[in-house]
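Letter by letter, the chains look like this.
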Amino acid sequence: MNTLRAEIKHNFLKQIIFRLDFQGVLNDDVEKCVMQLRQKFFEAGYINMGNRTENEFDFQVKMNLNIPNENQFSISNTNQSLVYNFTSNNKEILEISKSFFTLTVDIEKLYEKFDKYVTLLAESIEVIKNVSPYFNALRIGLRKINICFLDNIADLSTYFSRAAFNIDDVVNQFSDYGCAASNMVTILSKDDYQINYVRNIQEGVMQQEDGSQNPTYQIVIDIDVYKEGNKEILALLSDKQNVENNLKLQNTIEFEVFIKSLNNELIELLKQDSFQNNAIRGVI
């Protein structure tokens, strides 16, 4: 699988999202993290720094619905959480708050492999984990969103496996109907990780250079590899090397699920030095 990954020269990956959710950290603790990490972030290319506040609400549902004009919901508590963000010139964003740490990468023409971020994420998690004795990990996840476009829905089976999009039977059964959208969600597991495997097809229009609009189908393969629960996650965060190993494992699982979604014809096209195909668009 690693050999195949090295052979792939093109992709249609549009967004990478890494997220660690936790509790037991205060706003003052977050400021301590920022003081320790901001120089490291700057040296890694995240040259812009900012912050914002997020409101946190506790909602209470009132069950007595027989009282006329009674508000069914009430806000019992409101807290503000400070979120620090660090951005690069390549649409990479790091965010830290008292409840989460995230990396978001929007990909246009430049594709950076996830390996680029592993060491920085591991070093950052080490700082966040140690900032409070009450640190309690809730969820750690790596999500990748892949998007391409097909003008003809009949080409779907040429490029994608039936394991990913078994829509042919539906289209054939309802041949006298148009297919506007299809949504498929599968929950998988591997190596003690859960995987949200989401595939979407959405009909739309593509604007041409001459101003005309042609029908097209947006194809989405959305893969989220995650683990939940403090006891499960803390073992992954025991030290920097262990964090790096597990981030790489999440990334490997992502790639395995993705490559199983493609047919051999598309895989071979992605290996070529120059991607030459007019039936599928959005590949870089």
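Only a predicted model underlies this, so the values are computations on that prediction, with no experimental measurement involved.

Caption draft 1: Examining the packing of aromatic side chains more closely. One pass over the structure, following the stated rule, counts nine aromatic pairs. Relative to Phe101, the ring of Phe18 has its centre 6.4 Å away and its plane inclined at 70°; by these criteria the two rings are edge-to-face. One end of the pair, Phe18, is in strand E1 (residues 13-23); the other, Phe101, is in strand E5 (residues 100-106), and 83 residues separate them in sequence. In this structure, Phe18 and Phe101 share a single accessibility class: buried. When the ring of Phe41 is compared with that of Phe86, the centres are 4.9 Å apart and the planes differ by 65°; the resulting orientation is edge-to-face. Of the two residues, Phe41 is situated in helix H2 (residues 27-43) and Phe86 in strand E3 (residues 73-87); the sequence distance between them amounts to 45 residues. Residues Phe41 and Phe86 agree in their burial class; the two are buried. Among the aromatic residues, those joined into a cluster by ring pairs are Phe12, Phe160, Phe165 and Phe258. Above the ring of Tyr197, the side-chain terminus of Arg199 is found at 4.0 Å from the ring centroid.

Caption draft 2: Just helix H3 (residues 115-130), in detail. With 16 residues, H3 should cover 22 Å at 1.5 Å per step; its first-to-last C-alpha distance of 24 Å lies within 8% of that length. Every buried residue of H3 is accounted for by Tyr117, Val118, Leu120, Leu121, Ala122, Ser124, Ile125, Val127, Ile128 and Lys129. Looking at the packing, one finds that the buried side of H3 touches E1, H2, strand E4 (92-96), E5 and helix H7 (240-259).

Reading the values: the criteria
- Per chain, residue numbering runs from 1 following the sequence as it is written.
- A pLDDT threshold of at least 70 governs which residues receive local features in this predicted model, and a stricter bar of 80 or more applies before side-chain atom pairs are shown or counted, although totals over entire chains, interfaces and linings include all residues.
- Side-chain numbers here rest on the full set of heavy atoms in the structure, without hydrogens or water.
- Stacked, tilted and edge-to-face are the three classes applied to pairs of Phe, Tyr and Trp rings, where Trp contributes its six-membered ring and a pair requires centres within 6.5 Å; stacked means planes under 30 degrees apart, edge-to-face means over 60, and tilted covers the rest.
- Helix numbers and strand numbers start at the N terminus; a helix is a DSSP run of H or I with at least 4 residues, a strand a run of E with at least 2.
- When accessible area is computed with a 1.4 Å probe and restricted to protein chains, residues below 20% of their type maximum are described as buried, those above 50% as exposed, and intermediate ones as partly exposed.
- Look at NZ for Lys and CZ for Arg. If either is within 6 Å of the ring centre and within 35 degrees of the ring normal, a charge sits over the ring.
- Helices are assigned an expected span. That span is 1.5 Å times one less than the residue count.
- Residues are treated as being in contact if the distance between any of their heavy atoms lies within 4.5 Å.

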